[in-house]
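Residue-level listing of the chains:
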Amino acid sequence: MWYVIIGRDHPDSGAARKKARPEHLARLEALRDEGRLMVAGPCPRDDAPEPGPAGIDGSVVIAEFPDLASARAWADDDPYTREGVFESVDIKPFIQVLP
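Worth saying up front: this structure is predicted, and the values here are computed from it rather than measured.

Participant: Would you mind going over unusual backbone geometry with me for this structure?
Facilitator: In terms of backbone geometry, most residues other than glycine have negative phi values and most peptide bonds are trans. Cis geometry is found at the peptide bond from leucine 98 to proline 99, where omega equals -10°. Topologically, proline 99 is positioned in the segment after strand 4 (86-94).

Printed below as a string of structure tokens:
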């Protein structure tokens, strides 16, 4: 089943995010290579295609996991969670309708 993982950053998490990013991306690439990643990316604080000086507000991942517990375990082990980038993480089942 697909799950949407929404991580919300702490207000001053830019340095921690930068440090944890390579490992975070490697985990996402592994999901992609397994055919389990639908989409992933950051949410800038500003209404712009690039983060700008305000930085990142959080991240969204939509990926396939066997169950909610597996999605939670993956998110709990994410470098952004472990390094304190995320203030909170919400995980919900996701049903793709379009495209």
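Participant: How do you make sense of helix 2 (residues 68-76) when you look at a structure like this?
Facilitator: In an α-helix, one turn spans 3.6 residues; hence positions three or four apart end up facing the same way. Buried within helix 2 are the following residues: Ala71, Trp74 and Ala75. For helix 2, the buried positions fall inside an angular range of 95° around the axis, keeping them on one side. Against strand 1 (2-9), helix 1 (14-33), helix 3 (79-82) and strand 4 lie the buried residues of helix 2. N-capping of helix 2 is provided by aspartate 67, with a side-chain oxygen placed 3.3 Å from the backbone N of alanine 69.

Participant: In this structure, what is going on with empty space enclosed by the protein? I would like to understand it.
Facilitator: The gaps of empty space that remain are located by a probe, the size of a water molecule, rolled over the atoms. Counting across every chain of the model gives one cavity of 30 Å³ or more. There is about 80 Å³ of room inside the largest cavity. Breaking the lining of the largest cavity down by element, the ones donating at least two residues are strand 1, strand 3 (56-64), helix 2 and strand 4.

Participant: What's the story with the pairing of strand 3 in this structure? I'm lost.
Facilitator: For a regular strand, the rule is simple: side chains alternate between the two faces of the sheet. By the bridge criterion, seven bridges tie strand 1 to strand 3 in an arrangement that is antiparallel. Within the sheet, the bridge partner assigned to arginine 8 lies in strand 3 and is glycine 58. Here strand 2 (residues 37-44) pairs with strand 3 via seven bridges, running antiparallel. Pairing of proline 42 across the sheet is with serine 59, part of strand 3.

Participant: Please clarify how the packing of aromatic side chains should be interpreted in this entry.
Facilitator: Here a ring pair, both rings aromatic, is described through the centre-centre distance and the interplanar angle of the planes. Taken as a whole, this structure holds three aromatic pairs when the rule is applied. Pairing tyrosine 3 with phenylalanine 65 gives two aromatic rings, centres 6.5 Å apart and planes at 55°, and the pair type is tilted. Highlighted residues: tyrosine 3 in strand 1 and phenylalanine 65 in the loop between strand 3 and helix 2, separated in sequence by 62 residues. The class for tyrosine 3 is buried, based on a relative accessible area of 5%. For phenylalanine 65, a relative accessible area of 3% gives the class buried. Ring centres of phenylalanine 65 and tryptophan 74 lie 5.9 Å apart, and the angle between their planes is 50°; on these two criteria the pair is classed as tilted.

Analysis parameters
Per chain, residues are indexed from 1 in the order of the written sequence. Owing to the predicted nature of the model, reporting of local features is limited to residues with pLDDT of at least 70; listing and counting of side-chain atom pairs is limited to 80 or more, with chain, interface and lining totals taken over all residues. Note that the side-chain values use all heavy atoms of the structure and ignore hydrogens as well as water. In this description a helix means any DSSP run of H or I spanning at least four residues, a strand means any run of E spanning at least two, and both kinds are numbered starting from the N terminus. Burial classes follow relative accessibility: with a 1.4 Å probe on protein chains only, a residue under 20% of its type's maximum area counts as buried, one over 50% as exposed, and anything between as partly exposed. By arc we mean the arc of the directions from the helix axis to the C-beta atoms, nothing more. Pairs of residues are marked as contacts when any of their non-hydrogen atoms sit within 4.5 Å. Between N or O atoms, a polar contact is any pair within 3.5 Å; within protein, one atom must be a potential hydrogen donor and the other a potential acceptor, and residues adjacent in sequence are included only when both atoms are from side chains. Residues are called lining when one of their atoms sits within 4 Å of a cavity or pocket point, these points coming from a 1 Å grid over the protein atoms alone, where a cavity is a set in which a 1.4 Å probe fits but cannot get out and a pocket is an open set with protein on both sides within 12 Å along at least five of seven lines. Grid points are joined across faces, edges and corners, and a volume is the space filled by probe spheres set on the points. Two strands pair if DSSP finds at least two bridges between them. Note on aromatic contacts: the rings of Phe and Tyr and the six-membered ring of Trp form a pair at centre separations within 6.5 Å, being stacked when their planes are under 30 degrees apart, edge-to-face when over 60 apart, and tilted otherwise.

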